[in-house]
Structure formats: structure tokens, C-alpha cells
Amino acid sequence: KTPQGVLVVKLPITRTMAAASETTALVDKKEDENSEDYKKLKKYQPWAFFVTFGGYFMAHFSRKCYSTVKVNFEEAGYSTLLISSMDSVFMGTYAVGNVVSGKLGDTFNPITVLAIGLFGSGACLFLLNCAIWYDFVDYSVSMASTFILTVYFFFGFFQSTGGPVGTAVMGNWFCDKASIKNRGLIFGLWTCHQYCGDVTAQLCTALVLKLEMPYWWGLIIPAITNVLWGFLTMTLIGDPADVGIVTEEVRIRLEKLEAARAKLAEGEVLEDTGPKPISLVGAFKIPMVASYAFAFGFFKLTNYTLFFWLPYFLEKRNFSKVTANLIAASYSVGMMPGGIIVGVVSDIFGGRRAAVIGVFMTLLFVLLFLFALFSEVFNTYVLLVMLAFMGILVGGPNNIITSAVAADLASHPSVRGNNKSLGTVTGLINGTGAITASLGLLVIGPLSKHMGWSAVWVFLMACTASGTLLMSPKIIAEVFPPKEVEEPKTEIV
């Protein structure tokens, strides 16, 4: 009671913390939709989406075109060992390249990094054609093999730029309240670039062969389109701040800068040098980044196993090659809408992506269990339906973790106000996942040979469970958000 006789009561207010803590503060922030900055931001978003989508489309277009002419490479005199080694070299440099590219994109101009990746990819495909045109294998098998493996070594690095750096550019532009609220849908649609690129490559190669053109046109066409898209990419603006657009991230950084300046002694000056790129160690210290990185490795291993081994498994079940590939294609078809479905559902539930991914992985575990019991007796129609569902269940989490989830993690309060972390975070998740998956694939061949395909499905069940368990702290936090006691609120009675 005050001297004036007024009773003051302090009421402790308890509230439930939002599950999607990384993005809630940004979504709840008031935004002036009539400001010039906001209008400029929204106007440029479709162009940023289109150019970055096309850049990653080109990466998959290039990769798939090569895989569709492998038989022609063998007929030209190159050994199956070399062709297999090309895949291994590519996977190794691609995995490491993701980590390196993400860091480079945050440290230097991301548009330059993207353009170098496209130009480099085009140059590598052109060099492969040189080996074909001039019959390197006729001069020396060892020289031709060394040349091609060296080219493919660099090809993996150049191909790795599209994912982490493209995601960072997308995150820079789609940073307004509406975009963050619909981040799952936006990135779910954006990740369709890989499937569009794969399908276009198959159509391109089929057209080349149908027109009876030399098979190397299947490599030179993506080489040319990569270079052309590289020039288009150079016109893109990587960050709204580069053209004076003040976004919420910039405002937060400036507020932190002013707070730091207020603590300076008289005569001291603190210059605004822009956001500082996060270190690899710093990125791993962001809560849940390490868990998501290793969880993604188990999910990616499951995806790679189904993608690469399904036709082989089906042929062993005495399906013809054509039928086996058609049935296996239903898995790829299911993957395309998977990312969109996970993104939309997680947006509806307030950005609770870990919980949605957990549900998808639980359903996948059940289907893999059924495969372990009955895969040898399922008929064609059952396989088509089940593999399409498995494509949705695997493709959704795989696509959304390296895009929307990475963007959420890079918006964590510990790094808020610094947009120089998304590329590094995405690269770490993608690179760690690729390394884990590459090592795990070494098990599949021996396991299927010595213990049968039921053992492979059980192995994939273990991978699915392991990845989900790594995400369990985040899942629990989203389903059962912790409570926080705020400072007592004073009320006059």
C-alpha cells in the first residue's frame, strides 16, 4: 500500500512460450506494409525465387544428364570402374563442398559464388566432351581416366554452391512477416527445382537420342545452359541491404550496434562494418544445428538407398528392367510434393517443423516394417502405392530440413540481426548429411548379399529411428512448449 492509500498488487504473469521460438519474434513484429522498403522487398522476391530456383535446377540438370549417358561412356571405351569412381569422387567433393560453399557465400558476395558454381559446372561438362571428341582413351587409358576423375573432382565442388548459397539468398529476400509465416510453403515449392532438373535432363537426353544426334549433346546442352544461367545470376542482388532496403534483420543489427556504442568511453568510435560472417564452430553452437545435421544424414541415407537400389531390388524380384524402373519411379514422383506438404502443414501448425517431420518419420518406419515382412510378395499395384507414399514421407523432411528448417535455425535469437549465417548452417547440414549417407551406402551391397533384403529394410528402420531420436528434444519442445515466468506486472486496484 502506497503512502497515498493506493493498493499496488504485483501479479506474476505466466505465459506459454511459442514452439517455433526461432521465428516467433520476427512474425509477431509489427511491419509497415506501406513503406517503400517493404514494397521494394515484395516486388523483388519473385525474381530472386526464379533465378535461384533456376540455378539449382541447372545443377540437377547437369548431374542427371551425365547419369543418362553412362552406358554411352562405357561403349566409348571407359571402364565401369572409372564410371563408378566418378560417382564416388563427386559425392566426396560435393559433401565437403557444401560446407565450404556455405561459408564462402556468407563471407563473400553470394551471387559471385553462385555464378562461379554455374560457370565451373559448364566448364567441367565441356572438358568431359573434349575427352570424348579427341578420344583421350585411345591415346592412354590411364591419362584419360586421370583427366576425367580430376574434372569430376572439381565438378563436385562447383555443383555444391547451389544448395547452401541459394538458400541463403532466398532467406535474405524472404524475410518479411508474411514470408516467414509461410516459409514452409515457399521453400517447399522452391525445393522442387531438383525434380524439375532431373525430369528435364531425362527428356533432353531422350530427345537427343531420338533425333539420332551424337550422345555427347546430352552433356554440351547443360554445359551451355549452365553458363548462360551464370550470366543471368550475375544480375541478381544477393541481399536487400545492398540496395538500401532496411529489413527487420538490419534494424535488429543497428539496434545492437547503438547499444554497443552507448557503452563506449568518451572519444571511442564503433564503425558499422556490416554483419560479421559466422564461423563453422559458431554455426554448430546454434541450438539443434548439430542434431539436425546428423539426423539429416540418416534421412538422406534412407533416401539414397531407396533411390539407387530400388530398381536393383525389383529386378531381383524378377520384374523386367522396364517394369522395375517404372515402379521405382513412383518413389521419385512422391518425393516432389513431399516438401510442399511438410512445408504447408508445418506452417499451419505455427512453424512446428520438427513435430511434423517426426510424424512423417514414424509413418515411414511403419511402411519399412511392412516392407521387411512382405516386400518379397507385394504385387505391382501395392508396390506402386507404397513407394509413392514412401517418396512423400522421405522427400518432405529431406527437402524441408535443408531449406525452411535451416532458415529457422539461422533465425535463432543467438544470431538474430546477422544474416551471414544461413549459408553456413545450410552447408553444414547438407555436407554432414552427404558424408553420413555416403558412408552408410557402403553397407547396403554386402548386407543385401549376405542377409537378404529384409535386413536392408530393418537397417533403414534403424536409420529412420536414429534420425528421429536426434530430433526428439526439438519435437518435445514443440509439442510441449515450456513455460516462462515474466517479470511481475504491476496493477493498480
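Above this text sits the structure in question.
Residues numbered from 1 in each chain as written. Predicted model: local features only at pLDDT ≥ 70, side-chain atom pairs only at ≥ 80, totals over all residues. Heavy atoms only, no water.

J.: Explain the overall build of the protein chain here, please?
T.: The helix and strand tally for the protein chain stands at 21 helices and four strands. The buried share of the protein chain, taken over its 493 residues, is 50%. A total accessible area of about 22,800 Å² is found for the protein chain, and carbon and sulfur atoms account for 67% of it. (Helix = DSSP H or I, 4+ residues; strand = E, 2+ residues; numbered from the N terminus. Buried < 20%, exposed > 50% of the residue type's maximum accessible area, 1.4 Å probe, protein only. Areas by Shrake-Rupley, 256 points an atom, 1.4 Å probe, with all protein chains shown as cover.)

J.: Mind showing me how you'd approach the pattern of salt bridges here?
T.: When the charged atoms of two side chains with opposite charge come close together, those side chains can pair. Within this structure, the stated rule accounts for four salt bridges. For Arg353, the salt bridge is made with Asp347, and the minimal N-O distance between the two is 3.1 Å. For Arg353, a relative accessible area of 3% translates into the label buried. The partner of Asp408 in a salt bridge is Arg353, and the shortest N-O contact between them spans 2.5 Å. (Salt bridge = Lys/Arg side-chain N within 4 Å of Asp/Glu carboxyl O.)

J.: Help me understand the environment of Gly97 in this model?
T.: Within the element layout of this structure, Gly97 appears in helix H4 (residues 80–107). Overall, Gly97 belongs to the buried group, its relative accessible area being 0%. Between the C-alpha atoms of Gly97 and Asn430, which are 333 residues apart in sequence, the distance is 9.7 Å. For Gly97, the contacting residues outside a window of four places in its chain are Phe157 and Ser160. (Contact = heavy atoms within 4.5 Å.)

J.: Is there a simple way to think about unusual backbone geometry in this case?
T.: In terms of backbone geometry, most residues other than glycine have negative phi values and most peptide bonds are trans. With a phi close to 50°, Asp135 is a non-glycine residue in the positive phi region. Among the structural elements, Asp135 can be located in the loop between helix H5 (110–133) and helix H6 (136–139). Positive phi is not limited to glycine here, since Asn318 has a value of about 75°. Looking at the element boundaries, Asn318 is found in the loop between helix H15 (289–316) and helix H16 (321–348).

J.: Hey, could you run me through the side chain of Glu478 in this one?
T.: With respect to the secondary-structure elements, Glu478 resides in helix H21 (residues 472–479). Although Glu478 is buried, it forms no salt bridge, and the closest oppositely charged side chain is Lys474 at an N-O distance of 4.2 Å. Of the polar contacts made by the side chain of Glu478, one reaches the backbone nitrogen of Ala355; its length is 2.9 Å. (Lys, Arg positive; Asp, Glu negative; His and termini not counted. Polar contact = N/O pair within 3.5 Å; in protein donor to acceptor, adjacent residues only side chain to side chain.)

J.: Explanation requested: the environment of Phe299 in the structure shown.
T.: Along the chain, Phe299 turns up in helix H15. Relative accessible area serves as the criterion here: at 2%, Phe299 is assigned to the buried category. For the pair Phe299 and Thr436, spaced 137 residues apart in sequence, the C-alpha separation works out to 9.7 Å.

J.: I tried to follow a nonpolar patch on the surface on my own but got confused; where do I start?
T.: A cluster of nonpolar side chains, contributed by Val96, Val100, Leu104, Phe108, Ile435, Leu439 and Leu442, occupies part of the molecular surface with about 650 Å² of accessible area. When contributions to the nonpolar patch are tallied by element, the ones reaching two or more residues are H4 and helix H19 (422–451). Inspection of the secondary structure assignment puts Leu104 in helix H4. (Patch = residues over 30% accessible without salt bridge, like charges linked within 9 Å, V, L, I, M, F, W, Y side chains within 5 Å.)

J.: What should I look at first to understand helix H10 (residues 183–190) in this one?
T.: Within an α-helix, residues lying three or four positions from one another point in the same direction, as the helix has 3.6 residues per turn. Of all eight residues in H10, six are buried; the element is thus mostly enclosed. When we look at burial in H10, the residues that qualify are Arg183, Gly184, Ile186, Phe187, Gly188 and Trp190.

J.: What is the right way to look at the packing of H19 against helix H20 (residues 453–470) in this model?
T.: Between two packed helices, the angle of one axis relative to the other and the distance separating the axes together describe the packing. Contact geometry for H19 and H20: axes closest at 7 Å, N-to-C directions at 145°. Together, Gly440, Val443, Ile444, Leu447, Ser448 and Met451 of H19 and Trp453, Ala455, Val456 and Phe459 of H20 make up the contact between the two elements. Its residues assigned to classes, the contact of H19 with H20 shows eight nonpolar, two polar and no charged. (Axes fitted to C-alpha atoms, helices over the stretch in contact; angles between N-to-C directions. Nonpolar A, V, L, I, M, F, W, Y, C, P; charged D, E, K, R; others polar.)

J.: How do you make sense of H21 when you look at a structure like this?
T.: Along H21, the residues that are buried comprise Lys474, Ile475 and Glu478. One side of H21 carries all its buried residues, which in axial view fall inside an arc of 100°. (Arc of directions from axis to C-beta.)

J.: It is not clear to me how the side chain of Arg353 should be interpreted in this structure. Could you clarify?
T.: With respect to the element layout, Arg353 can be found in helix H17 (residues 353–374). Among the polar contacts listed, one links the side chain of Arg353 to the side chain of Asp408, at a separation of 2.5 Å. Excluding residues that lie within four positions of it along the chain, Arg353 makes contacts with Ile180, Arg183, Gly184, Gly343, Ser346, Asp347, Ala404, Val405, Asp408 and Glu478.

J.: When you look at the packing of H4 against H19 in this model, what are you seeing that I'm missing?
T.: It is the contact of H4 with H19, at a shortest axis distance of 7 Å, that shows an interaxial angle of 170°. Classified by the interaxial angle, the pair formed by H4 and H19 is roughly antiparallel. Residue-level contacts link Met91, Ala95, Asn98, Val99, Gly102, Lys103 and Asp106 of H4 to Leu422, Gly423, Thr424, Gly427, Leu428, Asn430, Gly431, Ala434, Ile435 and Ser438 of H19. Classifying every residue of the contact of H4 with H19 by side-chain character gives seven nonpolar, eight polar and two charged. (Parallel < 35°, antiparallel > 145°, perpendicular 65-115°, else oblique.)

J.: I would appreciate a short explanation of the nonpolar core in the present structure.
T.: By size, the foremost hydrophobic cluster in this structure holds 122 residues, and its most contacted members are Tyr78, Tyr292, Ile357, Met390, Ile429 and Trp457. Per-element accounting of this core gives the leading share, 13 residues, to helix H18 (residues 380–409). (Core = buried A, V, L, I, M, F, W, Y, C linked by side-chain atoms within 4.5 Å.)

J.: In this structure, what is going on with the packing of aromatic side chains? I would like to understand it.
T.: For any pair of aromatic rings, the description rests on two quantities: the centre-to-centre distance and the angle between the ring planes. One pass over the full model with this rule turns up 28 aromatic pairs. Considering the side-chain rings of Trp133 and Trp216, the 5.3 Å spacing of their centres and the 85° angle between planes classify their relative orientation as edge-to-face. With Trp133 in helix H5 and Trp216 in the loop between helix H11 (193–210) and helix H12 (217–233), this pair connects stretches of sequence that are 83 residues apart. Residue Trp133 is classed as partly exposed on the basis of its relative accessible area of 32%. Given the relative accessible area of 21%, Trp216 is considered partly exposed. Considering the side-chain rings of Phe187 and Trp190, the 6.1 Å spacing of their centres and the 85° angle between planes classify their relative orientation as edge-to-face. Of the two residues, Phe187 and Trp190 both sit in helix H10, three residues apart, roughly one turn of that helix. Under the relative-accessibility criterion, Phe187 is labelled buried at 1%. (Phe/Tyr/Trp six-rings, centres within 6.5 Å; stacked < 30°, edge-to-face > 60°.)

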